Amino acid sequence: MRRREFIALLSGAASGWPLVGFAQQSTKPVIGFLNTSKPYPPLIDEFHRGLAENGYYEGRNVLTEYRWAQGHYDRLPALAAELVGRGVDVIVTAGGSNAGTAAKTATSTIPIVVLIGGDPVELGLAASFSRPGGNVTGVAQLVVAAEQKRLELLHELVPNAKTIAYLVNPAGPNAKKQIEDAVSQEHTLGVNLTVLRASSDGDFAAAFASIVQDRIGALVIGADPFFFMQRDQLVALSMRHTVPTMYFFREFAAAGGLISYGTKLADGYHQLGVYTGRVLKGAKPADLPITQQSEKIELIVNLKTAKALGLDVPLSLLTRADELIE
């Protein structure tokens, strides 16, 4: 399939165009791809590069049906049920554990390969990392578990900030744990933590108004697929209100955000493709260990943004950074 045709298929699926009988009529295996967010071609390309490692090429010997929740988590159950109704051969989920949970609820027979940032055992998706059991396997990245480290790094960058805000999506499955982990750092760092909540883009203005009104010195964006989808807006608001902000993926820093600390999302999508290829070749999810990606955490500092905010980045961060954006 030529890239132009591939992007057209992505766009059509994102718009909700029906592809009646697509899975049932195809002689090629069909992947049902469920994502909480919206299309982001660089990550989808990485997924297909992972598939190619097992000899699967879009349009040639495998087809993909995409379903995008566009940040509306309540749509996931219906989208998952729709893919099950299509009779897809495997369901792939990304953009957080909500999508994986929706798929697991929708079917106990179709293989499911997930990419999540939390603990699949705690979330009830698998019995264990080594032997998942059931019909779910996949890739777990260290995203939620790194929240405390993000606070620590931000405090190192802005040591004079006596109060730090923590923005969390209350609709996320990890929200309670995220808040607990963040609050537990107050005494260690000697700061006050203010928890702010946002589950729609309309909530962002109120959150930043609180930051300005209360003269909060810095902000941590809690790891959440919806926030990733709205990264340009969050970066713009942080810059407009001159709030030093820590993010959870490199893509935020690349978009102009001050600093990010987290796993490489592209690596997760690549491994997701590799695992999907293995399942298509006959591997059983119950016996396919869940891969933990915790060794590839990267610290990115945007020096241009730091200068715009009037911040001097300490040498301790400069020397530890995996990338400095100038």
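See above for the structure.
Below, the structure is looked at part by part. Note that the structure is predicted; figures quoted are calculated from it, not measured.

1. With respect to the pattern of salt bridges
And step 1. Taken as a whole, this structure holds 11 salt bridges when the rule is applied.
And step 2. Among the ionic pairs, R150 bridges to E147, the shortest N-O distance being 2.6 Å. In this pair, R150 and E147 both sit in helix α6 (residues 147-157), 3 residues apart, roughly one turn of the helix.
And step 3. Take R150: its relative accessible area is 0%, and that puts it in the buried class.
And step 4. Between K177 and D181 there is a salt bridge, with its nearest N and O atoms 3.2 Å apart.

2. Focus on unusual backbone geometry
And step 1. Within the chain, Q70 stands out as a residue other than glycine whose phi angle is a positive 55°.
And step 2. Mapping Q70 onto the fold places it in the loop between β2 (63-68) and α4 (76-86).
And step 3. Residue Q70 is classed as partly exposed on the basis of its relative accessible area, which comes to 26%.
And step 4. With a phi close to 50°, T242 is a non-glycine residue in the positive phi region.
And step 5. Tracing the backbone shows T242 in the loop between α11 (231-240) and β9 (245-247).

3. Quick look at the packing of α4 against helix α5 (residues 97-106)
And step 1. Axis separation between α4 and α5 bottoms out at 8 Å; the angle between their running directions is 50°. Classified by the interaxial angle, the pair formed by α4 and α5 is oblique. For the crossing formed where α4 meets α5, the hand is right-handed. Residue-level inspection shows L76, P77, A80, A81 and V84 of α4 in contact with α5, the latter providing N98, A99, A102, A103 and A106.

4. Observations regarding the packing of aromatic side chains
And step 1. Scanning the model with the defined rule gives 13 aromatic pairs in all.
And step 2. On the basis of an interplanar angle of 70° and a centroid distance of 6.1 Å, the ring pair of F228 and F252 is categorised as edge-to-face. Of this pair, F228 sits in helix α10 (residues 225-229) while F252 sits in helix α12 (residues 250-254), placing them 24 residues apart in sequence. Each member of the pair, F228 together with F252, is buried.
And step 3. Cluster of aromatic residues (ring-pair linked, three or more members): Y40, F228, Y247, F248, F249 and F252.
And step 4. Note that R231 overlies the ring of F228, its terminal NZ or CZ placed 4.2 Å from the centroid.
And step 5. Above the face of the Y275 ring, R278 is positioned so that its terminal group lies 5.4 Å from the ring centre.

5. A short note on α11
And step 1. Along α11, the residues classified as buried are R231, L234, V235, L237 and S238. Viewed end-on, α11 has its buried residues packed into an arc of 165°, placing them on one side of the element. Of the residues in α11, the exposed ones pointing more than 90 degrees away from the buried face are D232 and R240.
And step 2. Within two residues after α11, T242 carries a phi angle of roughly 50°, on the positive side.

The rules behind these values
Residues numbered from 1 in each chain as written. Predicted model: local features only at pLDDT ≥ 70, side-chain atom pairs only at ≥ 80, totals over all residues. Heavy atoms only, no water. Salt bridge = Lys/Arg side-chain N within 4 Å of Asp/Glu carboxyl O. Helix = DSSP H or I, 4+ residues; strand = E, 2+ residues; numbered from the N terminus. Buried < 20%, exposed > 50% of the residue type's maximum accessible area, 1.4 Å probe, protein only. Axes fitted to C-alpha atoms, helices over the stretch in contact; angles between N-to-C directions. Parallel < 35°, antiparallel > 145°, perpendicular 65-115°, else oblique. Left-handed = near helix turned anticlockwise from the far one by under 90°. Contact = heavy atoms within 4.5 Å. Phe/Tyr/Trp six-rings, centres within 6.5 Å; stacked < 30°, edge-to-face > 60°. Lys NZ or Arg CZ within 6 Å of the ring centre and 35° of its normal. Arc of directions from axis to C-beta.

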